[in-house]
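Listed below, chain by chain, are the residues.
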Amino acid sequence: MKFILIALLIAGAAYYFYSSSNNKKLAEENVRKGAEFLASNKEKPLVTTTASGLQYEVLTQGSGTVHPTATSKVKVHYEGKLLDGTVFDSSVARGEPIEFGLNQVIKGWTEGVQLMVEGEKTRFYIPANLAYGDRAAGKIPPGSVLIFDVLGVHEMLSGKAPEVVQADDHKVIKDLAEVYARFRTGALGPGTGYGMTM
């Protein structure tokens, strides 16, 4: 039994190192292909490249004027593709938009969606270092550039606390005292603003 366990451990370790080595080689190849694609893509007149290396192209102008922040919760439709056109995820196909916090997603999404306004449709070209890096993620191979079409950003909840207008407690007490005094002297009758009756 002891020898079987040792053999299984050795086999598991060998498989791990083999898989890691293959993933590393695949990641390096995908990063190389991605760099070539991005270098060519940035020359397109409608494509903008940010300081981080994120590239984007506005496909449809939005009607909004407010941009979400890095901590906003937003609601969007999207479709994600690899460079070869393989769709790895799509809320459009599911027929239901997704809600999420911009601080809960990959760096490329956090940066990119902040550039959008409500109703806008934008295509993002996200380098691997702003996505999943050298890790595989579901249908996404390691080192992959990701292409996302994102539509209809709607900010659900701002990262900032809503501004609350608070009444001056002393003024409220003073007003109530004045109303009570007027009521006691008969100056305030039914239906005169506060709706107080005998």
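Each chain has its residues counted from 1, following the order in which its sequence is written. For a predicted model such as this one, the threshold for reporting local features is a pLDDT of at least 70, and the threshold for listing and counting side-chain atom pairs is 80 or more; totals across whole chains, interfaces and linings nevertheless cover every residue. Water and hydrogen atoms were dropped before computing side-chain values, which therefore reflect all heavy atoms in the structure.

**Observations regarding the packing of aromatic side chains**
So, step 1. Whether two aromatic rings pair depends on their centres lying within 6.5 Å, for rings of Phe, Tyr and Trp, where Trp uses its six-membered ring; planes under 30 degrees apart make the pair stacked, over 60 edge-to-face, and the rest tilted. Across all of its chains, the model carries 7 aromatic pairs by this definition.
So, step 2. Arranged with centres 5.9 Å apart and planes meeting at 45 degrees, the rings of Phe-37 and Tyr-125 form a pair that is tilted. Placement of the pair is Phe-37 in helix 1 (residues 2–41) and Tyr-125 in strand 6 (residues 121–126), with a sequence separation of 88 residues.
So, step 3. Each ring, one from Tyr-56 and one from Phe-124, has its centre 6.4 Å from the other, and the planes form 45 degrees; the classification is tilted. Of this pair, Tyr-56 sits in strand 2 (residues 55–60) while Phe-124 sits in strand 6, and the two are 68 residues apart along the sequence. Of the two residues, Tyr-56 and Phe-124, neither departs from the other in class, the shared state being buried.
So, step 4. Aromatic rings pair up to connect Tyr-78, Phe-88, Phe-100, Trp-109 and Phe-148 into one cluster. Segments assigned H or I by DSSP are reported as helices when at least four residues long, segments assigned E as strands when at least two residues long, and all are numbered from the N terminus. Accessibility here uses a 1.4 Å probe with only protein chains present; expressed as a share of the type maximum, an area under 20% marks a residue as buried, one over 50% as exposed, and anything in between as partly exposed.

**Structural notes on the side chain of Thr-122**
So, step 1. By secondary structure assignment, the location of Thr-122 is in strand 6.
So, step 2. Assessed through its relative accessible area of 1%, Thr-122 is described here as buried.
So, step 3. Side-chain polar atoms of Thr-122 contact the side chain of Glu-120, separated by 2.6 Å.
So, step 4. When checking whether two residues touch, look at their non-hydrogen atoms; a contact exists if any pair is within 4.5 Å. Apart from residues no more than four positions distant in its own chain, Thr-122 is found in contact with Tyr-56, Glu-57, Val-58, Leu-59, Met-116, Phe-148, Asp-149 and Val-150. Pairs of N or O atoms within 3.5 Å make up the polar contacts considered here, provided that, within protein, one atom can donate a hydrogen while the other can accept it, and that residues adjacent in sequence are counted only when both atoms are side-chain atoms.

**Remarks on the side chain of Ser-72**
So, step 1. Inspection of the secondary structure puts Ser-72 in the loop between strand 2 and strand 3 (73–81).
So, step 2. Residue class for Ser-72 comes out buried when judged on its relative accessible area of 0%.

**Some thoughts on the environment of Lys-75**
So, step 1. Positionally, Lys-75 belongs in strand 3.
So, step 2. Lys-75 gets classed as partly exposed once you look at its relative accessible area, which sits at 30%.
So, step 3. Between the C-alpha atoms of Lys-75 and His-154, which are 79 residues apart in sequence, the distance is 5.1 Å.

**Description of the environment of Val-150**
So, step 1. For Val-150, the location among the structural elements is in strand 7 (residues 146–157).
So, step 2. Sequence-wise, Val-150 and Tyr-78 are 72 residues apart; in three dimensions their C-alpha atoms are separated by 4.4 Å.
So, step 3. The residues contacting Val-150, other than those within four sequence positions of it, are Val-76, His-77, Tyr-78, Trp-109, Met-116, Glu-120, Lys-121, Thr-122 and Phe-124.

Take it as geometry only, folks, not as evidence of what the structure does.
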